[in-house]
Amino acid sequence: MPSFLSSLRRKSRLHGKTESHEEKHSAADNSHVNGHAENGVSRRKSSSTLNSSAVGSSTSTTPATSTSGEAQPNGATDNVAPLPTPRPQRPGANPTKRYSLNGMSTSSSSQLSANPSSLLAPRVLSVTDGSWVHQQVLLIFGRIGDSAHRPLDGTLTVNHHQGRFPSTAWPVSDSYFKALIHLEPGWNRLRLDFTSPKVSSSNTSMSPHGSFLNINYLPLTESPPLQLAIILGSDSPGTYDATPERIQREGNGLDLAIKKFRMAAYLWQAFTGEQMNRHGFGRRCFRFEDSWEPGTLSYQDWGTGQFRNQAKIHVIRSKKTVAEIRDLDRAQQYSKGTKRGDLFGIAADAVKDYFQMKPGQKQYVSCLFMDSHWDTTHQVILGHAALGGGVGDLQLGIFGSHALQTYPSSIEEVWQAFGDCTRTDTAYVANDCDEAGSNWESANIGIGAHLHETGHLFGCPHQESGIMLRDYVTFNRTFTAREPYSTRTKSPGQRLVLPPEECSWHILDALRFRFHPCFRIPLDQGGGDGSVQVWTVDNGQVGVIATSKSGIAWVELYTEGDDVCRYWKRWPECENQYPRQVSLIETELRDLLPKEKQKSRLKLEIFSAGGGKHVVDDFNQLTNQKLARVKFPDGRSGYRGGKLGYSQMEGSQPQEIILESAYIQTKLLVMIRVYSGFAVDGLEFVYEDATSQFFGKRGGSPSDFALDVRKGELLLGFSLRTGLWIDGIQILTSLGRKSEWFGNPHGGGGHTLIPPRGYTIGGISGSCAAWLDGFQLIITR
């Protein structure tokens, strides 16, 4: 026999043995999935899962080519808790070699991002290979093959970096998929495998229809975290509302509540990071406070006790009993919300005590009331309030646990939870707002509406669309490519859902997040002064100039009767900078409105890149020449800027001075004397000829700040701390010098008053009572 035939014969025998070895393990895995695990833990699934959201036609069994039975030293397969989803393919016996990036540059690894031998390799459309992200759980969207191929159903298996997180399986619907991937700090190399009963597969350890994705996860440890907390009554047993079938199958205790709340929070984060990217702000997102503890993100970790770094859930005991919380809310419900804020106050008190908050320590906390309860007699949810906002240094959002039973408790359960058509049994649980008629719709309301309140926590008002309206009833669409039957809309199930039909954050929400400290990334500029100032000027036509040291980012327009913003204007970002000065011409702004509203009373909210905001209640009044213009003795005109302080103290009287140095060339300002105590009482402007002008009152104690007139130093502006009155003031000069703070440097909010380009300080206007309670500059060319 020729030698080459002998060689072929040996290779053929070797191939046959390998194939037999793989088939044995595949058969073992199938019996493991379809039956019960050796440790006695049965597979967890909803009674309606198979009817509502199947993974192709392979829901009940693993494809015959599965290689999930990884060989162990003793020849046995892994003894782990079974998946609530079809058993996914897992890495081979030595995943480290296959996933390792050692000795491989980033550019060379990127060349392996697709399998050239398969036209059905998964292609990720939502994130490019080699991207940097800032969240532990990343949402991806993609398709199998291209539009030329006929649509296919099947399963996408995500094999995580170096096998350090269990593989997860996701449905592929009409060739599209959406999946969540777990990331570790640094570079992550992930393998995505596609299988379908309608597509042939080889018997090798790596799927022939696979691709690689490289992602760099950079945690943002310097940004303030969003804290997650569960609040219980002082005597709470730590259980939440659930149907008897659900309690028997999975329980309803505190331990499971923590898992579900954590998973919901990661869905918030994955959703927000994707939305920020779609709005053009990169994958910036809020972070959580992490804790090293037994992992819950994967159901496969529950039985092993595998420790992981994951979002910490704080468990806080309130001083109120369960009865007090529910009775208080019962009074709220029956009085039609007259005590709506009481539960918010209970949560705020509990959170402040728990975190031992001190003045100046900002906290962002989203809370879940564990003891919410569906009162079947009166058909109301007790111990629940959907509220978000701020109390001093605490930014707080609260929500109830009445929909908690429908939340996924692990990554593997996400697509199942959003495909569970089990009808809501109102004998045990609530059909919230008649929009939670099935389990998946209830999960939408609970997870999505709680995110809505978290949006309020971050400073978002209601919007005309998106999460901050009520679009969270479609929150599921972000995480599944196929939507089941809806009891809310009576729409048929199993329809394909692509990104344009998904729920969203409104662009105005995304803009707020872009400049929020919880969303800060290393490339962002430092905090600093974000205050906004407005100045009425006359450049041929009366208009307004808005200025801010951090830059002007956008302005929102409200016409009479508007409850949400429908019209706005943005300014471009250039090299991480926004314009520090912009013109607001009334005619141009009104052109943004529909014709029927162009003569309406116009309110503006002007936002800076530093997170500050200035509200102009009536733009027409601001541009009114009679109110804004000041006549100087030499015939020139000056203009009053935006006022700080409320001018509402008892006995408050208006005051105004025109600085003589602004219109008399021989007058030289040499010193400013400030009278102050715990607030600012008055300012005295002293000239070279020993004369002076006074604004305010001579209270407190005087302090002098001299200008270096030999170097041509001039008064440039002021930094102020203001609220109801003028708490503190600092003098700024043309040479870059700053005086010390006079008055209270920590009271109120910070503002910087510097005239816009081409203008100088011509005078001071405002009001004074026992001390200054109104302050604005008069500017002139």
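Each remark here, short or long, concerns the structure printed above.
Calculation criteria
- Residues numbered from 1 in each chain as written.
- Predicted model: local features only at pLDDT ≥ 70, side-chain atom pairs only at ≥ 80, totals over all residues.
- Heavy atoms only, no water.
- Helix = DSSP H or I, 4+ residues; strand = E, 2+ residues; numbered from the N terminus.
- Buried < 20%, exposed > 50% of the residue type's maximum accessible area, 1.4 Å probe, protein only.
- Contact = heavy atoms within 4.5 Å.
- Areas by Shrake-Rupley, 256 points an atom, 1.4 Å probe, with all protein chains shown as cover.
- Core = buried A, V, L, I, M, F, W, Y, C linked by side-chain atoms within 4.5 Å.
- Pairing = 2+ DSSP bridges.
- Axes fitted to C-alpha atoms, helices over the stretch in contact; angles between N-to-C directions.

**Quick word on the overall build of the chain**
And then number 1: Looking only at helices and strands, one finds 14 helices and 39 strands in the chain.
And then number 2: The 781 residues of the chain split such that 56% are buried.
And then number 3: Sequence-distant contacts in the chain: of pairs separated by 6 or more residues, those separated by 24 or more amount to 68%.
And then number 4: Carbon and sulfur atoms make up 51% of the accessible area of the chain, which amounts to about 32800 Å² in all.

**Structural notes on the nonpolar core**
And then number 1: Of all hydrophobic cores here, the largest spans 95 residues; its most connected members are Leu180, Phe475 and Phe479.
And then number 2: Residue contributions to this core peak at 13 residues, all from helix H6 (residues 254-278).
And then number 3: Excluding residues that lie within four positions of it along the chain, leucine 180 makes contacts with Val137, Leu138, Leu139, His160, Thr168, Trp170, Met263, Leu267, Ala270, Ile411, Val414 and Phe479.

**Structural notes on unusual backbone geometry**
And then number 1: With a phi close to 55 degrees, glutamine 379 is a non-glycine residue in the positive phi region.
And then number 2: Its location among the elements puts glutamine 379 in the loop between strand S14 (373-375) and strand S15 (380-382).
And then number 3: A relative accessible area of 47% places glutamine 379 in the partly exposed class.
And then number 4: Non-glycine residue aspartate 434 carries a positive phi angle of around 55 degrees.
And then number 5: Tracing the backbone shows aspartate 434 in the loop between helix H9 (414-417) and helix H10 (439-457).

**Some remarks on the sheet that holds strand S33 (residues 701-706)**
And then number 1: An order of S32-S31-S30-S33 is seen for the four strands of this open sheet, with the pairing classed as antiparallel. Pairing within the sheet leaves two strands with one partner each, and these edge strands are strand S32 (692-696) and S33. The average undirected angle you get between the axes of adjacent strands in this sheet is 20 degrees.
And then number 2: When strand S30 (residues 669-676) meets strand S31 (residues 680-687), the two strands line up antiparallel, connected through seven bridges. Looking at the pairing, serine 676 lines up with valine 680 of S31.

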